[in-house]
Amino acid sequence: PETGRLALYLLGLRATCPLPEPGPQRLLVTWLKYYLEEDWAGSRRHGQPLTSYYQYSLGVLALCVHRKRVREEVIHRLLAAEHHGRFRHTGGSTVDTEAVAALAFTCLERERLVGSRLAAELQAARRRVRRRMVEVQDLDGFFGNVYSTPWAMQVFIATNTCRTQPAYSRAMAALLENLDAFTTAATMAQVLPVLHGRSYLDIASMRCQEEPDTLMPISAEPPAEMLGNMTVRLVVECPKPRCPQHRLYDRTVSAPAGASLLDVLRAAAMQGPPNFTFVTQDTSQGPFLSRVLGMEARQQQRSYWQLLTAPGTSLQMGVADYRPHDGETLILRLSEW
């Protein structure tokens, strides 16, 4: 199911105040309901959604912003996942998933799309999530990492606690110092509302007839060219017993200075031998590394290609965003979540 992608599209569509042509928009909402039901059926069979709890929560949030009811069984399954800590996965942060779920809970309560008893459960869950976010804030001020921080901050904004919560002020200071990390449309869409003191829940209350048409295109200056080449070491790892060899690839790769990790992978594919192969999939967050040297990361098997720099620092950017430096060791590791 394309739950997350369609949910983000519907949130964006509502935010742009589309012309009153309800037919196509109603059809998209119907599709999102269908995808959410498919995800719910997967959760009932496998103990988790077919996509992820992140996409599952986005679907609930988007339907709520469009003031569409969600079956209580769907909401209860998301509540149970939050209450029993099922958002967690190996070696990763759950802040973004918990934040999106908390925004969905807040929206359902605010728009009065649930009964009073369920609303009380949603309110308690939202408070637990907000408390955990304060507890996991790191010394740099981030909630999880730089990309999950705007999601967490939206929770404080949506619940009117940002002015009384010191953790929010520290996160804003950290965010302002790292705005250059937000280079894709998807990540910009997460951080821009926060910089204006807004959350995605504000989309539901927009008065479209009062919105001025102030969007103006700008011509960005091209980045300065970086001359010369760099050399990086590229390592591909696969855990035992799936891969008895464990290390599948270990070579130095030459690429233009300033190239992205995706450019490095393309350069490795051209430089062989040994032959290096990889496949990416387009997502709303940019290219996603799905297959390396014939080894596929499968969501059904809860596996993904983890991006690291030696000795074991996980990258907080995608393959198209991260720009290695000369002499760096890059590790692609098939991991489970």
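About the cut-offs
- Residues numbered from 1 in each chain as written.
- Predicted model: local features only at pLDDT ≥ 70, side-chain atom pairs only at ≥ 80, totals over all residues.
- Heavy atoms only, no water.
- UniProt positions renumbered as here; feature names shortened; annotations may be inferred.
- Helix = DSSP H or I, 4+ residues; strand = E, 2+ residues; numbered from the N terminus.
- Contact = heavy atoms within 4.5 Å.
- Pairing = 2+ DSSP bridges.
- Axes fitted to C-alpha atoms, helices over the stretch in contact; angles between N-to-C directions.
- Disulfide = S-S within 2.5 Å.
- Buried < 20%, exposed > 50% of the residue type's maximum accessible area, 1.4 Å probe, protein only.
- Polar contact = N/O pair within 3.5 Å; in protein donor to acceptor, adjacent residues only side chain to side chain.
- Parallel < 35°, antiparallel > 145°, perpendicular 65-115°, else oblique.
- Left-handed = near helix turned anticlockwise from the far one by under 90°.

- Naming follows an unreviewed UniProt entry, where the protein appears as Transcobalamin-2 of Rynchops niger.
- The annotation that UniProt attaches to the protein under Sequence similarities (unreviewed entry) is "Belongs to the eukaryotic cobalamin transport proteins family."
- Within the UniProt record for the protein, the comment given under Subunit (unreviewed entry) is "Interacts with CD320 (via LDL-receptor class A domains)."

### A short note on the environment of A255
Part 1: Turning to its location among the elements, A255 is positioned in strand β2 (residues 247-256).
Part 2: For the pair A255 and A267, spaced 12 residues apart in the sequence, the C-alpha separation amounts to 6.3 Å.
Part 3: In this structure, A255 is in contact with N229, M230, V264 and A267, ignoring residues within four places of it in sequence.

### Focus on the sheet that holds strand β5 (residues 295-296)
Part 1: Here three strands make up an open sheet; going across it, the order is β3-β4-β5 and the pairing antiparallel. Of all the strands in the sheet, just β3 (278-283) and β5 have a single pairing partner and so form its edges.
Part 2: For strand β4 (residues 286-292) and β5, the ladder comprises two bridges, and the chain directions are antiparallel. Across the sheet, the residue bridging to R291 is E296, located in β5.
Part 3: Of the strands in this sheet, β3 and β4 are in contact with helix α10 (residues 261-271), which crosses β3 at around 150°.

### Some thoughts on the state of the cysteines
Cysteine pairs can be linked by a disulfide, which is a covalent bond between their two sulfur atoms.
Part 1: Taken as a whole and assessed by the stated rule, the structure comprises one disulfide.
Part 2: Disulfide pairing places C64 opposite C107 at an S-S distance of 2.1 Å. Negative torsions about the S-S bond denote left-handed disulfides, and the value of about -100° found for C64 with C107 makes this one left-handed. Of this pair, C64 sits in helix α3 (residues 53-65) while C107 sits in helix α5 (residues 95-110); the two residues are 43 residues apart in sequence, bridging distant segments of the chain.
Part 3: For C64, a relative accessible area of 0% translates into the label buried.

### Some remarks on unusual backbone geometry
Part 1: Residues A310 and P311 are joined by a peptide bond in cis, for which omega reads 5°.
Part 2: For P311, the position within the fold is in the loop between β6 (303-309) and β7 (313-314).
Part 3: One non-glycine residue, R112, adopts positive backbone phi at about 55°.
Part 4: With respect to the helices, strands and loops of the structure, R112 is situated in the loop between α5 and α6 (116-136).

### Quick word on the side chain of Q306
Part 1: Within the secondary structure, Q306 sits in strand β6.
Part 2: Judged by its relative accessible area of 12%, Q306 falls in the buried class.
Part 3: In terms of polar contacts, Q306 uses its side chain to reach the side chain of S335, at 3.0 Å.
Part 4: With residues up to four places along the chain from it excluded, the contact list for Q306 reads S314, I331, L332, R333 and S335.

### Concerning the pairing of β4
Part 1: Sheet analysis places β3 next to β4, joined by six bridges and oriented antiparallel. By the bridge assignment for β4, D282 is matched with P287.
Part 2: Between β4 and β5, which pair antiparallel and follow one another directly, the connecting turn spans two residues, one of which, L293, has a positive phi of 50°.

### Brief notes about the sheet that holds strand β8 (residues 329-336)
Part 1: Here we have five strands laid out as an open sheet, ordered β2-β1-β8-β6-β7, and mixed in their pairing. In this open sheet, the two strands that pair with only one neighbour each are β2 and β7.
Part 2: Where α10 meets the sheet, it contacts β1 (229-237), β2, β6 and β8, and its direction lies at approximately 105° from that of β2.

### Thoughts on the packing of α5 against α6
Part 1: Packing of α5 against α6 leaves a shortest axis separation of 9 Å and a crossing angle of 150°. Considering their axes alone, α5 and α6 lie roughly antiparallel with respect to each other. Handedness of the crossing formed by α5 with α6: left-handed. Contacts between α5 and α6 involve V95, E98, A99, A102, F105, T106, L108 and E109 from the former and A119, L122, Q123, A125, R126, V129, R132, M133 and V136 from the latter.

### A word on the environment of M230
Part 1: Position of M230 among the secondary structure elements: in strand β1.
Part 2: With 26 residues separating them along the chain, M230 and P256 place their C-alpha atoms 5.9 Å apart.
Part 3: With residues near it in sequence (within four places) discarded, M230 still touches V253, S254, A255, P256, A257, G258, A259, V264, P324, H325 and D326.

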